[in-house]
Amino acid sequence: MTLNPIRPWRNVMRRKSRQIMVGRVPIGGDAPISVQTMTNTDSADVKATLAQVIAAANAGADIVRISTPDQAATQALREIVRESPVPIVADIHFHHRRAIEAAEAGAACLRINPGNIGDAQRVREVVKAARDNGCSIRIGVNAGSLERHLLEKYGEPCPEAMVESGLDHIKLLQDNDFHEFKISVKASDVFLAAAAYQQLAEVTDAPIHLGITEAGGLRTGTVKSAVGLGNLLWAGIGDTIRVSLSADPVEEVKVGFEILKALGLRTRGVQIISCPSCARQGFDVIKTVEALEQRLEHVRTPISLSIIGCVVNGPGEALLTDVGFTGGGAGSGMVYLAGKQAHKLGNAEMIDEIVKLVEARAALIDAEKP
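Residues numbered from 1 in each chain as written. Predicted model: local features only at pLDDT ≥ 70, side-chain atom pairs only at ≥ 80, totals over all residues. Heavy atoms only, no water.

Caption draft 1: Seen up close, helix α9 (residues 249-262). Between its first and last C-alpha, α9 extends 20 Å over 14 residues, near the 20 Å set by a 1.5 Å rise per residue. When you tally the buried positions in α9, you get ten out of 14 residues, the bulk of the element. All of the buried residues in α9 are Pro249, Val250, Glu252, Val253, Val255, Gly256, Phe257, Ile259, Leu260 and Lys261. For α9, the secondary structure elements touched by its buried residues are β3 (34-38), α1 (46-59), α8 (218-234), β10 (240-242) and β11 (270-274). If you check the start of α9, you find a side-chain oxygen 2.8 Å away from the backbone N of Val250, and it comes from Asp248. In the stretch just after α9, Gly264 is the one whose phi turns positive, near 70°. (Helix = DSSP H or I, 4+ residues; strand = E, 2+ residues; numbered from the N terminus. Expected span 1.5 Å × (residues − 1). Buried < 20%, exposed > 50% of the residue type's maximum accessible area, 1.4 Å probe, protein only. Contact = heavy atoms within 4.5 Å. Polar contact = N/O pair within 3.5 Å; in protein donor to acceptor, adjacent residues only side chain to side chain.)

Here it is as structure tokens:
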């Protein structure tokens, strides 16, 4: 949970779940909500896939998933895992041998649908490989690929069908005395996904992987994911998230972190508070914010920065941020540090100076850490 005794209306009471490990990353319990993404390169291309994994990790990804559809992919996985800075999840469908190969190659987790990898014996073989190699499992239920008997029973994908599918898969693992698993019930429909996750959270203590699957392109998918995941996270549901976008995996990581940051569930990098701008602005707010977002991408220390075009809300916002700048007209504005007026600054030097101030503040925060 987040705890804010001064502003209790900001608290998020997280659902209690048991904890598992994905490599060195704890999932569930009181662990921070982790951010995941998935590569979209040819998985057999070690160089290209590893480059994407590293880029995602640099953007803040805690875990990266890689599709392993064939033997060439699982063979490449061994080298990728060895060089990866973050735990790797192997995405498996239909072929139980790929799951066994991925576990032996060092995958930290297998994303499987136990119902589509074969009979009970094959499930036992996969579970044994996971157990022998210290590998956890994610049960991945998707509204678009529900079992035929559930579609016949319910008539269409619905929350009840998705949760029943998930519980059936949980039983397959528990029957093999395997408990190191998390579960997801994804849908591209926000209402369906939210309802399924809400029902799932009431019937299992397994860690929950959140996602709105196939959400769309960068803008559309960001909005859908923010609505769906934000609603669930605010209700305390979710232990790890993946934002599914038809975009660069780095963008998925950025959006995931912004959702968590908006709810106070994770902090990383610079959080810019800026106005939409209007005729009162004392400088070009939009271009300034665009430039600062790019110039400050390298800062990982949690720090807040307010960029406000005029004095209507500028001083008030600056009181609550580490660094602030408020437009005041006549080609200059006021700099605020730790909520207090510091000095005037000309618009022409504003971006360079703000970057220096944020870097200096970040260094000070880092130096004060135990």
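Having seen it, we continue.
Caption draft 2: The arrangement of the side chain of Thr240 in detail. With respect to the helices, strands and loops of the structure, Thr240 is situated in strand β10. Taking relative accessible area as the criterion, Thr240 reaches 0% and is therefore assigned buried. In this structure the side chain of Thr240 is engaged in a polar contact, spanning 2.6 Å, whose partner is the side chain of Ser34.

Caption draft 3: Inspection of the pairing of β11 at higher detail. With five bridges joining them, β11 and strand β12 (residues 303-308) adopt parallel strand pairing. In the sheet register, Ile272 faces β12, and the bridge partner there is Leu305. (Pairing = 2+ DSSP bridges.)

Caption draft 4: How the structure looks around the nonpolar core. By size, the foremost hydrophobic cluster in this structure holds 78 residues, and its most contacted members are Leu110, Met162, Leu210 and Leu233. Tallying contributions element by element places helix α7 (residues 190-203) first for this core, with eight residues. Val270, Val323, Val355 and Leu357 belong to the second-largest nonpolar core, a separate cluster that totals 21 residues. (Core = buried A, V, L, I, M, F, W, Y, C linked by side-chain atoms within 4.5 Å.)

Caption draft 5: Focus on the layout of surface pockets. The calculated volume of the largest pocket comes to roughly 770 Å³. Along the walls of the largest pocket sit 24 residues, with Lys254, Glu258, Lys261, Glu293 and Glu297 positioned nearest its centre. Counting only elements with at least two residues in the lining of the largest pocket, the list comes to α1, α8, α9, β11 and α10 (285-295). Among the elements that take part in the lining of the largest pocket, α9 stands out by supplying seven residues, more than any other. Here the lining of the largest pocket is built from residues that sort into ten nonpolar, five polar and nine charged. In this structure, the second largest pocket encloses a volume near 660 Å³. Contributing to the lining of the second largest pocket are 19 residues, with Arg10, Thr267, Gln271, Ser304 and Leu320 lying nearest its centre. (1 Å grid on protein atoms, 1.4 Å probe; cavity = no way out; pocket = protein on both sides within 12 Å on 5 of 7 lines; lining within 4 Å. Points joined across faces, edges and corners; volume = space filled by probe spheres on them. Nonpolar A, V, L, I, M, F, W, Y, C, P; charged D, E, K, R; others polar.)

Caption draft 6: Fine view of the sheet that holds β11. Strand order in this open sheet of five strands is β11-β12-β13-β14-β15, and the pairing throughout is mixed. Whereas interior strands pair on both sides, the edge strands pair on one side only; in this sheet they are β11 and β15 (340-346). Pairwise comparison of adjacent strand axes, ignoring direction, gives a mean angle of 20° for this sheet. The sheet contact formed by β12 and strand β13 (residues 323-327) spans four bridges and is parallel. Residue Ile307 lies in a different strand from β13, and its bridge partner there is Phe325. Docked against the sheet, α10 engages β11 and β12, running at close to 160° with respect to β12. Against the sheet, helix α12 (residues 350-368) engages β11, β12, β13, β14 (332-337) and β15, with an angle of about 160° to β12. (Axes fitted to C-alpha atoms, helices over the stretch in contact; angles between N-to-C directions.)

Caption draft 7: Examining the pattern of salt bridges more closely. All chains considered together, the criterion is met by 17 salt bridges. A salt bridge links Arg295 to Asp352; its shortest N-O distance comes to 3.1 Å. Note that Arg295 is positioned in helix α10 and Asp352 in helix α12, a separation of 57 residues in sequence. We classify Arg295 as partly exposed; its relative accessible area is 38%. What you see here is one network of salt bridges that share partners, running through Arg14, Arg15 and Asp239. (Salt bridge = Lys/Arg side-chain N within 4 Å of Asp/Glu carboxyl O.)

Any link to function would need more than the numbers given here.
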